[in-house]
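# Tertiary structure, described
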Amino acid sequence: MSKIKTILGDNIRTLRTNKGWTQVYLADRLQITAPFLAQIESGKRGTSLELVENVAELFGIPVASLFIEQFNNQHNIRHEVRTVEIQTIEKQLKETISENITKAFERLKQ
């Protein structure tokens, strides 16, 4: 597989999944088959520039952006930020629960 096919496929898959679209839905919008789209997304198959233009138009992005490893990087960054947010919330919850339990025991002792 060539690097450019992999990047293009990854970006299309990321755009599609970010919209919550299935391969069948996107393939239908692009007037191609779902198996053909699956091959493009997996980087096993290239496609025409016309189809690339249609993908870019459908998602409202510049054609060139489909060939840059930006979408996956943005997805990974969002995932990492989300993980940190969840860990922070978990820590705050544990602290609050611990404080509440301590206060409850203090009240029981009185």
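Everything discussed here concerns the structure shown above.
Now for a description of the structure that goes with this document. Just so it is clear, the structure is predicted and the values come from calculations on it, not from any experiment.

## A look at a nonpolar patch on the surface
On the surface, a nonpolar cluster with roughly 630 Å² of combined accessible area is contributed by I89, L93, I97, I101, F105 and L108. We classify I89 as partly exposed; its relative accessible area is 48%.

## Re the packing of aromatic side chains
Within this structure, the stated rule accounts for 2 aromatic pairs. Summarising the aromatic geometry, the rings of W21 and F59 are spaced 5.2 Å apart at their centres and angled 35 degrees between planes, so their arrangement reads as tilted. Of this pair, W21 sits in the loop between α1 (3–19) and α2 (23–30) while F59 sits in helix α4 (residues 49–59), and the two are 38 residues apart along the sequence. Accessibility expressed as a relative area gives 18% for W21, which makes it buried. According to the relative accessible area criterion, F59 is buried, its value standing at 11%. The rings of W21, Y25 and F59 are connected pair by pair, giving a single aromatic cluster.

## What to know about α1
Across its 17 residues, α1 extends 24 Å between first and last C-alpha, which sits within 8% of the 24 Å expected from 1.5 Å per residue. Positive backbone phi, at 80 degrees, marks G20, one or two positions downstream of α1.

## A few points about the environment of V63
Checked against the element boundaries, V63 lands in the loop between α4 and α5 (70–109). Among the residues examined, V63 registers a relative accessible area of 34% and is labelled partly exposed. Distance in space between the C-alpha atoms of V63 and L49 is 9.2 Å, their sequence separation being 14 residues. Once residues within four sequence positions are removed from consideration, V63 is found in contact with V52, E53 and A56.

About the criteria used
- All residue numbers refer to position in the chain's written sequence, counted from 1.
- Local features are withheld for residues below a pLDDT of 70 in this predicted model, meaning they are given only at 70 or higher, and side-chain atom pairs are given and counted only at 80 or more; totals for whole chains, interfaces and linings count all residues.
- Computation of side-chain values covers all heavy atoms of the structure but excludes hydrogens and water.
- In this analysis, a patch consists of residues with relative accessible area above 30% that form no salt bridge, clustered at 9 Å for like charges and at 5 Å for the nonpolar side chains Val, Leu, Ile, Met, Phe, Trp and Tyr.
- Each accessible area is a Shrake-Rupley result for a 1.4 Å probe, and residues are judged covered by the shown protein chains and nothing else.
- When a carboxyl oxygen of Asp or Glu is within 4 Å of a side-chain nitrogen of Lys or Arg, the pair counts as a salt bridge.
- Throughout, exposure labels follow a simple rule: accessible area from a 1.4 Å probe, protein chains only, divided by the maximum for the residue type, with under 20% read as buried, over 50% as exposed, and the rest as partly exposed.
- Planes of paired rings set the category: under 30 degrees apart is stacked, over 60 is edge-to-face and the rest tilted, where pairs are Phe, Tyr or Trp rings (Trp by its six-membered ring) whose centres lie within 6.5 Å.
- The helix count covers DSSP runs of H or I at least four residues long, the strand count covers runs of E at least two residues long, and both are numbered beginning at the N terminus.
- Here a helix's expected span is defined as the number of its residues, less one, multiplied by 1.5 Å.
- Whether two residues are in contact is decided by their heavy atoms: any pair within 4.5 Å suffices.

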